2 protein chains.
Amino acid sequence: MRIAVIGAGAVGSSVVELAGEYGHDVTAFADSRSAAVDAEGLDVDAVLDRKRTDGIVGDADLEDALSGPYDVLVEATPVTLGDAEPGMTHVEAALTRDRHVVLANKGPVAERYGDVRELEADSEGRVLFEATVGGAMPVLSTIADVGADHITAVRGVLNGTVNFVLSRMAAEGLDYEHVLAEAQDLGVAETDPSFDVEGTDTALKGVILANVLSEDREYTLDDAEVDGIVDIPGSVLELAREDGRTVRLIVEVREGEVRVGPRLVPENAALAPTGTYNTVQFETEHAGQLNVSGLGAGGPETASAILADVGRLDRS
Amino acid sequence: MRIAVIGAGAVGSSVVELAGEYGHDVTAFADSRSAAVDAEGLDVDAVLDRKRTDGIVGDADLEDALSGPYDVLVEATPVTLGDAEPGMTHVEAALTRDRHVVLANKGPVAERYGDVRELEADSEGRVLFEATVGGAMPVLSTIADVGADHITAVRGVLNGTVNFVLSRMAAEGLDYEHVLAEAQDLGVAETDPSFDVEGTDTALKGVILANVLSEDREYTLDDAEVDGIVDIPGSVLELAREDGRTVRLIVEVREGEVRVGPRLVPENAALAPTGTYNTVQFETEHAGQLNVSGLGAGGPETASAILADVGRLDRS
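Residues numbered from 1 in each chain as written. Chains lettered and ligands numbered in written order. Predicted model: local features only at pLDDT ≥ 70, side-chain atom pairs only at ≥ 80, totals over all residues. Heavy atoms only, no water.

**Side note on the pattern of salt bridges**
As enumerated under the stated definition, the model contains 44 salt bridges over all chains in all. Among the ionic pairs, B:Asp145 bridges to A:Arg315, the shortest N-O distance being 3.9 Å. Pair noted here: B:Asp145 is in helix H7 (residues 140-146) and A:Arg315 is in helix H13 (residues 299-315), and the two residues belong to different chains. Sharing partners across several salt bridges, the network here consists of A:Asp145, B:Asp309, B:Arg312 and B:Arg315. (Salt bridge = Lys/Arg side-chain N within 4 Å of Asp/Glu carboxyl O. Helix = DSSP H or I, 4+ residues; strand = E, 2+ residues; numbered from the N terminus.)

**Digging into the UniProt feature "active site" (unreviewed entry) in chain A**
All names here are of chain A. Within the UniProt annotation, "active site" (unreviewed entry) is assigned to Lys205. Counting through the fold element by element, Lys205 comes out in helix H11 (residues 200-213). When its relative accessible area of 6% is taken as the criterion, Lys205 is described as buried. For Lys205, the contacting residues outside a window of four places in its chain are Lys106, Thr132, Val133 and Leu158. Looking at Lys205, its side chain comes within polar contact range of the main-chain oxygen of Leu158, at 2.7 Å. (UniProt positions renumbered as here; feature names shortened; annotations may be inferred. Buried < 20%, exposed > 50% of the residue type's maximum accessible area, 1.4 Å probe, protein only. Contact = heavy atoms within 4.5 Å. Polar contact = N/O pair within 3.5 Å; in protein donor to acceptor, adjacent residues only side chain to side chain.)

**Let's talk about the sheet that holds strand E8 (residues 224-226) of chain B**
Read across the open sheet, the 12 strands follow the order E8(A)-E10(A)-E9(A)-E7(A)-E11(A)-E12(A)-E12(B)-E11(B)-E7(B)-E9(B)-E10(B)-E8(B); overall the sheet is mixed. Both edges of this open sheet fall to strand E8 (224-226) of chain A together with E8 of chain B, since each of them pairs with a single strand only. If you compare each strand with its neighbour and ignore which way they point, the axes differ by 25° on average. Across the face of the sheet, helix H8 (residues 160-172) of chain B comes into contact with strand E7 (151-157), strand E9 (245-254) and strand E11 (277-284) of chain B while running at roughly 155° to E9(B). Of the strands in this sheet, E7, E8, E9 and strand E10 (257-266) of chain B touch helix H11 (residues 200-213) of chain B, which is tilted by about 35° from E9(B). (Pairing = 2+ DSSP bridges. Axes fitted to C-alpha atoms, helices over the stretch in contact; angles between N-to-C directions.)

**Let's talk about the interface of chain B and chain A**
Taken residue by residue, the interface counts 31 residues in chain B and 31 residues in chain A. Summed over both partners, the interface of chain B with chain A buries about 2500 Å², with 48% contributed by carbon and sulfur atoms. Of all residues in chain B, the largest losses of buried area upon contact with chain A belong to B:Asp145, B:His286 and B:Ala287, amounting jointly to 23% of the total for that side. In this structure, the connection of chain B to chain A is made through four salt bridges. Of the charged contacts, one joins B:Arg312 and A:Asp145 as a salt bridge, the two residues approaching to 2.4 Å between their closest N and O atoms. At the boundary of chain B and chain A, one finds 10 residue pairs in polar contact (both at pLDDT 80 or more). Counting only elements with at least two residues in the side of chain B that touches chain A, the list comes to H7, strand E12 (289-295) and helix H13 (299-315) of chain B. Considering every element that reaches the side of chain B that touches chain A, the biggest residue donor is E12(B), with seven residues. Residues that form the side of chain B that touches chain A fall into these classes: 14 nonpolar, 11 polar and six charged. (Buried area = accessible area lost by both parts, 1.4 Å probe. Nonpolar A, V, L, I, M, F, W, Y, C, P; charged D, E, K, R; others polar.)

**Things to note about the relation of the copies chain B and chain A**
The pair of chain copies shares a relation made of a rotation about an axis and a shift along it. Take chain B, turn it by 180°, move it 0.0 Å along the axis, and it overlays chain A with an RMSD of 0.0 Å. Here the symmetry operator amounts to a two-fold rotation axis. Proximity to the rotation axis, assessed at the C-alpha, singles out B:Val292 in chain B; its C-alpha lies 2.2 Å from the axis. The residues that chain B uses at the interface reappear at the interface of chain A in 100% of cases, marking a shared surface. (Least-squares fit on C-alpha atoms with pLDDT ≥ 70 in both.)

**As for the environment of B:Val127**
Residues and elements named next belong to chain B. Within the secondary structure layout, Val127 lies in strand E6 (residues 127-128). Here the alpha-carbon distance between Val127 and Met169, two residues 42 residues apart in the chain, equals 39 Å. The contacts of Val127, once residues within four sequence positions are left out, are Leu95, Val101, Leu103, Val116, Arg117 and Glu120.

**Quick notes on the side chain of B:Asn291**
Residue and element names in this part refer to chain B. Summarising the element assignment, Asn291 is placed in strand E12. A residue is classified by how much of its surface remains accessible, and Asn291, at 8% relative accessible area, is buried. Separated by 3.0 Å, the side chains of Asn291 and Gln281 make a polar contact.

**A look at unusual backbone geometry**
Residues and elements named next belong to chain A. Cis peptide bonds are those with omega within 30 degrees of zero, and the linkage from Glu85 to Pro86 qualifies with 5°. The residue Pro86 is located in the loop between strand E4 (72-75) and helix H4 (87-96) in this model. For Glu255, which is not a glycine, the phi torsion comes out positive at approximately 50°. Here Glu255 shows up in the loop between strand E9 (245-254) and strand E10 (257-266).

**Section: the UniProt feature "binding site: NADPH" (unreviewed entry) in chain A**
Residues and elements named next belong to chain A. UniProt's entry tags Lys106 with the feature "binding site: NADPH" (unreviewed entry), counted in the numbering of this structure. Secondary-structure assignment places Lys106 in the loop between strand E5 (100-103) and helix H5 (107-111). Beyond its immediate sequence surroundings of up to four residues, Lys106 is in contact with Val79, Thr132, Asp201, Leu204, Lys205 and Ile208.

And the structure:
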């Protein structure tokens, strides 16, 4: 497939770097300021090098990339809430041209799911977004396989930064502020960690799950009940530990509700992954409980999920 | 889709029972002695009832079912080794008629993978077999998504009977013979448990994984190195426990080798599921470690995987 990658952060760059290994050509690569387009396939090393050294990917612009030659648009710009712009405009640009879209950006499918599905219905292109929930873990594909009708609940630990902080707090008996500073030093947490620690990122993933599981209702972040981990004292984790339990930030999607908050879970249960690991638990009607776990974030990990979606489009 | 189900054990009967819920019609149902065929869709309750009360499913025979009206043949007869007959003949009957095949029976894809792929290449029909490895767990679909080329190793606990026995031995400090008798009473182990406890069933699943992961080599049970759990004394599990470890029957597929045997694993690790739970761990090139776990056997659980395959064929 010919891939246009919009967004040149860790995820977009990893897609560009790995696409060739999966048998695809990158024919366009753009960030907000510049773009490189080549119908024959970009010289990937040269483009990534220019991005690193000059801060731009090429001499073309975003519009050239969106209107250029590609089969699949990979949307990997940062998440925005509300109107989900400019991601939504990029999705529309591809679908109105009857091209496929693979999303790494959660915004469009969390905040404007109905609009995305409507644009898709009028297009020859399809929209896939496995990477938006749990990185490389097979989450949406498992829902497709089991069938949304046959899943009664989904619970998940879906933010590696938060999970790293909670794991360290429990293991070392340290307070939130202390562990957060450590996580920032390690590059596991952002300088402004609010999107993660307040539960927003986890909630967006829950909203996407609710959209996929629901037939007739559209969810947005406003529909989620969200508590973060900012106010958890280290002493709570110590108390929990004495009882063989620990605390995890869990999203639950069940009976039309999306709830995110810190929950007590048994220390060694499937819902208590350690470090930056994520996990998702499906309650199914006929097949009991299914669990998947893995690394839910990171450039190559997320790129791997994106390229799996591209492969799916290629085979279909 | 119109489904013909061959095999009327727990799995075949569950497929017949659940197919309607997934939007499919069962147009044929056969065991080795009898069959029921109806191009308009069988009266499922009546057929299952007749099987229970009279021991036959209908007045037609297997040949009528194989040559009857269906889009997908579900092969759910018992596993046989070597020539994988009569399963292989059923697979051939469907493929030469350009129909799809969904396997619950491990025989054809473990013992005659090359023949299956050759028949498939000459047919309009496709062969899917998610249910043969880990029941409802998304194992083969995860390999397809990640890409066989990008998976460096697969390890799994893939036999619920064995895992139940090992879990009970560890939890209660009981010997193998004692726990086996209990498992037989509970219906978790067969009267002749050798297929499970000697590691054959686990090895067949490993061989199927090796076949799916390999591009150019065909594996059969003869290629696997297999140790079972028959000779493990309860005292080993006690010793392991004192060290925070336990024993699991693990299959590993790596670098062209399939190995099955009891292994020491950390007590709470992903590779130490309890009870009848199964787990599979994928080592990937770009996405770290992915784990899936769930119930690997059982009528409705396995039927759920079969109907996921039927759904996949329906969408493709």
